[in-house]
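# Fold and contact review
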Amino acid sequence: MSMGGGGEREEIEEVKMMDVGLKDLSRKLEEFAKERDWEQYHSPRNLLLAMVGEVGEISEIFQWMGEVPKGLPDWKESDKEHLGEELSDVLLYLIRLADICGIDLADAAIKKLVKNAIKYPKPL
Ligand SMILES: Nc1ccn([C@H]2C[C@H](O)[C@@H](COP(=O)(O)OP(=O)(O)OP(=O)(O)O)O2)c(=O)n1
């Protein structure tokens, strides 16, 4: 996601200094949409389709490669950067989708982790 404008680098540095949480990202996405008058397009269904489209873009990166070792040791930096961008697109659309649906994603995820631990107990 290009933030555009001359202040982009400063904004990235500023954000790097913070411990960025889901709520921060959610607020930034809300601001991003508001500033462009894009809230009208950010309906649950549109955001879901956009997110799935970005999942497709991640799949495109991996397709036909065969199995890839963890940490992607043989990848060029630019390819890793590209992957990072597509992963971010999925995350950002997911956060926006949750927000627009009135779901507190951090809270829901923590609750789900607890539920998972009950469903799949540690081996004794
Ligand atoms: N209506 C929109 C369109 C875009 N975005 C933001 C969220 C994503 O992080 C990013 C997606 O932008 P693109 O649709 O341009 O997708 P890519 O960055 O993947 O570009 P491309 O598909 O050309 O690779 O922009 C958004 O919030 N709302």
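Residues numbered from 1 in each chain as written. Predicted model: local features only at pLDDT ≥ 70, side-chain atom pairs only at ≥ 80, totals over all residues.

### Description of the nonpolar core
Definition in use: Here a nonpolar core is just a set of buried residues of the types Ala, Val, Leu, Ile, Met, Phe, Trp, Tyr and Cys, joined wherever their C-beta atoms sit within 7 Å. Three exposure classes are used, all based on how many other C-beta atoms lie within 10 Å of a residue's own C-beta (placed from the backbone): buried at 20 or more, exposed at 12 or fewer, and partly exposed between those limits. Whether two residues are in contact depends on their C-beta atoms, placed from the backbone: they are in contact if these lie within 7 Å.
The biggest cluster of nonpolar side chains holds six residues, and these are L29, L47, L92, Y93, I95 and L97. The contact partners of L29, leaving out residues within four places of it in the chain, are L92, I95 and R96.

### Quick look at the UniProt feature "domain: NTP pyrophosphohydrolase MazG-like" (unreviewed entry) in the protein chain
Selection rule: UniProt positions are given in the numbering used here, feature names are shortened, and annotations may be inferred rather than shown by experiment. To qualify as a helix, a DSSP run of H or I must reach at least 4 residues; to qualify as a strand, a run of E must reach at least 2; elements of each kind are numbered from the N terminus.
Feature annotation in UniProt assigns "domain: NTP pyrophosphohydrolase MazG-like" (unreviewed entry) to the following positions: residues 43-114. With 74% helix and 0% strand, the stretch residues 43-114 has end C-alpha atoms that lie 30 Å from each other.

### As for helix α4 (residues 77-100)
What counts, and what does not: Any helix carries an expected span of 1.5 Å times its number of residues minus one.
Between its terminal C-alpha atoms α4 stretches 34 Å, which fits the 34 Å expected from 24 residues at 1.5 Å a residue. Buried residues of α4: L92, Y93, I95, R96, L97 and D99, and no others. A positive phi of about 75° marks G102, the residue just after α4.

### Focus on unusual backbone geometry
Of note, the phi angle at W64 is positive, near 70°, even though the residue is not glycine. Assessed through the 5 C-beta atoms surrounding it within 10 Å, W64 is described here as exposed. Phi is positive for L72, which is not a glycine, with a value near 50°. As for its placement among the helices and strands, L72 is situated in the loop between α3 (44-62) and α4.

### Remarks on the environment of L91
Take L91: it is sitting in helix α4. Among the residues examined, L91 registers 14 C-beta atoms within 10 Å and is labelled partly exposed.

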